[in-house]
Amino acid sequence: MKAMTLNSFGGPESFELSDVPKPVPQLGQVLVRVHATSINPLDYQVRRGDYRDLVPLPAITGHDVSGVVEAVGPGVTAFSPGDEVWYTPQIFDGPGSYAEYHVVNENIIGRKPGALSHLEAASLSLVGGTAWEALVSRATLRAGESILIHGGAGGVGHVAIQVAKAIGAKVFTTVREQNFEFARGVGADVVIDYRKEDYVDAIMRETGGLGVDVVFDTLGGDTLSQSPKVLAQLGRVVSIVDIAQPQNLIEAWGKNASYHFVFTRQNQGKLDELSTLVERGQLRPHVGAVYSLADLPLAHALLEKPNNGLRGKIAIAVNPSADTKVQP
């Protein structure tokens, strides 16, 4: 089978399109013909060597799959050949999704929502699971509460807005002015151009000085130290970004704030919850660009480029079908 292999850590050119053996499902495993995958910041972090101690080379990376069951191993009862499935492969535990076929344990995969194409499903599995774990499992966001989502036009951000609205929260988000319409289109109530206005001032003005109940950090920087300034009492901060340097959180003490850090875990239940929102019409990922597997390096370069103008996700058509047309 064809696969993009990572033979050395570095730039996008570190990938090589290779012929590798097609995997064989073992006990409790499913072999999936990958129709589509997508690109996440985690993917280029792995590629450039941020997690080199956890990724032995050569490696097949990638963290989203939407496809069709090709075969099942002994003991598999929940899935059969021909079933459409979606999932996030085990992170740092075996080959990833940049290949024509992938083997996975049946207990972490879900049935692909019928309302989504393979490109859309592959663009939702990791970011959707991340948003669900951050907002529901960690922040315990509730109906009637308010949340500030940083980076509302990004892959995780635009999904998090939709999840928060489905819960019944009021959503504030920071985006560039050219993304105002997009952010409102996925459900944001208040949009803030972080380049033209201090978001702390904007939040306190919009909330009458009360602040928000939850801050969701998808960007990093000084967000952890700035967040207490916009939090209501007993507010919660959830971050999915590595902490690059120590930050002073003394102001969080006065707000009785709690901080949560999320490195998402594979979970079939999260996929089922996301599928329910999709089928209800409350959640749909936005695919901003589509590349072929052979052009994966170009997709990595685009996502890694600062201010790249992208909205939503970059999807990769691996085994192209009627709903996985390449449109870079």
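Before reading on, note that the structure itself is shown above.
Residue positions within a chain follow its written sequence, with the count starting from 1. The predicted origin of the model limits local features to residues at a pLDDT of at least 70 and limits the giving and counting of side-chain atom pairs to 80 or more, whereas totals for whole chains, interfaces and linings rest on all residues. Side-chain metrics in this entry use all non-hydrogen atoms of the structure; hydrogen atoms and water are not considered.

Caption draft 1: Quick peek at the nonpolar core. Among buried residues, those of type Ala, Val, Leu, Ile, Met, Phe, Trp, Tyr and Cys that are joined through side-chain atoms within 4.5 Å constitute a nonpolar core. Three labels apply to residues, based on accessible area from a 1.4 Å probe with only protein chains included: buried if under 20% of the type maximum, exposed if over 50%, partly exposed otherwise in between. Membership of the largest hydrophobic core comes to 74 residues, with the highest contact counts inside it found for Leu135, Ile147, Phe216 and Ile316. A total of six residues in this core trace back to one element, the largest contributor, which is helix 4 (residues 155–167). Aside from chain neighbours lying at most four places away, what touches isoleucine 316 is His35, Ala36, Thr37, Ser38, Ile39, Leu119, Tyr291, Ser292, Leu293, Leu296 and Ala299. If you look at the next biggest cluster of nonpolar residues, it comprises 16 residues, including Ile203, Val212, Val215 and Tyr259. Secondary structure counts use DSSP, requiring at least four H or I residues in a row for a helix and at least two E residues in a row for a strand, with both numbered from the N terminus. Pairs of residues are marked as contacts when any of their non-hydrogen atoms sit within 4.5 Å.

Caption draft 2: Quick look at unusual backbone geometry. Looking along the chain, the bond that leaves leucine 57 and enters proline 58 is cis, with omega of -5 degrees. With respect to the secondary-structure elements, proline 58 resides in the loop between helix 1 (41–48) and strand 4 (65–72). Positive phi, normally seen in glycine, also occurs at phenylalanine 92, with a value near 60 degrees. Position of phenylalanine 92 relative to the elements: it lies in the loop between strand 5 (84–87) and strand 6 (101–105). Judged by its relative accessible area of 28%, phenylalanine 92 falls in the partly exposed class. Of note, leucine 234 is a non-glycine position whose phi angle comes to about 65 degrees, a positive value. Its location among the elements puts leucine 234 in strand 12 (residues 231–239). A relative accessible area of 59% places leucine 234 in the exposed class.

Caption draft 3: Here's a closer look at the packing of helix 3 (residues 125–138) against helix 9 (residues 268–279). In this description, a line fitted to the C-alpha atoms serves as the axis of each element, helices being fitted only across the stretch in contact, and the angle between N-to-C directions of two axes falls anywhere from 0 to 180 degrees. At a closest axis distance of 10 Å, the pairing of helix 3 and helix 9 adopts a crossing angle of 95 degrees. Judged by the inter-axis angle, helix 3 sits roughly perpendicular to helix 9. Touching Ser125, Gly128, Gly129, Trp132 and Glu133 of helix 3 are Lys270, Leu271, Glu273, Leu274 and Leu277, all from helix 9. Gly is placed with the polar residues, together with every amino acid not listed as nonpolar (Ala, Val, Leu, Ile, Met, Phe, Trp, Tyr, Cys and Pro) or charged (Asp, Glu, Lys and Arg). Residue composition of the contact of helix 3 with helix 9, grouped by class: four nonpolar, three polar and three charged. Any angle between 65 and 115 degrees counts as roughly perpendicular, while under 35 counts as roughly parallel, over 145 as roughly antiparallel, and the rest as oblique.

Caption draft 4: Main features of the pairing of strand 5. By the bridge criterion, four bridges tie strand 4 to strand 5 in an arrangement that is antiparallel. Each bridged residue has a counterpart across the sheet, and for valine 68 the counterpart in strand 5 is glutamate 84. In this analysis, strands are considered paired if DSSP registers two or more bridges between them. Bridging between strand 5 and strand 7 (residues 110–111) involves two bridges; their strand directions are antiparallel. Bridging from a neighbouring strand, tryptophan 86 pairs with glycine 110 of strand 7.

Caption draft 5: Focus on the packing of aromatic side chains. When the centres of two rings from Phe, Tyr and Trp lie within 6.5 Å, Trp using its six-membered ring, the rings pair. Their planes under 30 degrees apart give stacked, over 60 give edge-to-face, and anything left gives tilted. Tallied over the full model, the rule gives three aromatic pairs. Taking the centre distance of 5.9 Å and the plane angle of 75 degrees together, the rings of phenylalanine 15 and tyrosine 98 count as edge-to-face. Taken together, the positions of phenylalanine 15 in strand 2 (residues 15–19) and tyrosine 98 in the loop between strand 5 and strand 6 put the pair 83 residues apart, joining distant regions of the chain. Here the two residues phenylalanine 15 and tyrosine 98 agree in accessibility, since each one is buried. Considering the side-chain rings of phenylalanine 92 and phenylalanine 263, the 5.9 Å spacing of their centres and the 20 degrees angle between planes classify their relative orientation as stacked. Of the two residues, phenylalanine 92 sits in the loop between strand 5 and strand 6 while phenylalanine 263 sits in the loop between strand 13 (258–261) and helix 9, which places them 171 residues apart along the sequence. Ring pairing ties together the aromatic residues Tyr51, Phe92 and Phe263, which thus form one cluster. Its guanidinium or amino end placed over the ring of tyrosine 101, lysine 22 lies 4.3 Å from that ring's centre, counting from NZ or CZ. A positively charged side chain is recorded as over a ring if its NZ (Lys) or CZ (Arg) lies within 6 Å of the ring centre. The angle to the ring normal must also be within 35 degrees.

Caption draft 6: Quick peek at the environment of arginine 138. If you trace the backbone, arginine 138 turns up in helix 3. Residues arginine 138 and arginine 236, spaced 98 residues apart in sequence, show a C-alpha to C-alpha distance of 8.9 Å. In contact with arginine 138, other than residues within four places in its own chain, are Glu133, His260, Phe261, Val262 and Arg265.

Caption draft 7: Quick peek at the pairing of strand 1 (residues 2–6). Among the five residues that make up strand 1, four are buried, leaving the element largely enclosed by the rest of the structure. Sheet topology places strand 1 next to strand 2; five bridges connect them, and they run antiparallel. Looking at strand 2, one finds that methionine 4 is bridged to leucine 17.

Caption draft 8: Main features of the side chain of serine 14. Turning to its location among the elements, serine 14 is positioned in the loop between strand 1 and strand 2. Under this definition, polar contacts are N or O atom pairs within 3.5 Å; protein pairs additionally need one hydrogen-donor-capable and one acceptor-capable atom, and for neighbouring residues in sequence, both atoms have to be side-chain atoms. Among the polar contacts made by the side chain of serine 14, one reaches the main-chain carbonyl oxygen of serine 8 at a distance of 3.4 Å. When near neighbours in sequence (up to four residues on either side) are disregarded, serine 14 contacts Thr5, Leu6, Asn7, Ser8 and Phe9.

Caption draft 9: Expanded view of the environment of valine 69. With respect to the helices and strands, the residue valine 69 is situated in strand 4. Residues valine 69 and proline 81 lie 12 residues apart in sequence; the distance between their C-alpha atoms is 4.7 Å. Ignoring sequence-local partners within four residues, the contact set of valine 69 consists of Val30, Leu31, Val32, Phe79, Ser80, Pro81, Gly82, Asp83 and Val85.

Caption draft 10: Up close: the environment of valine 190. With respect to the element layout, valine 190 can be found in strand 10 (residues 190–193). The buried category is assigned to valine 190, whose relative accessible area is 12%. As for valine 190 and glutamine 26, which are separated by 164 residues in sequence, their C-alpha atoms are 50 Å apart. Excluding residues within four positions of it along the chain, valine 190 makes contact with Lys170, Val171, Phe172, Thr173 and Glu206.

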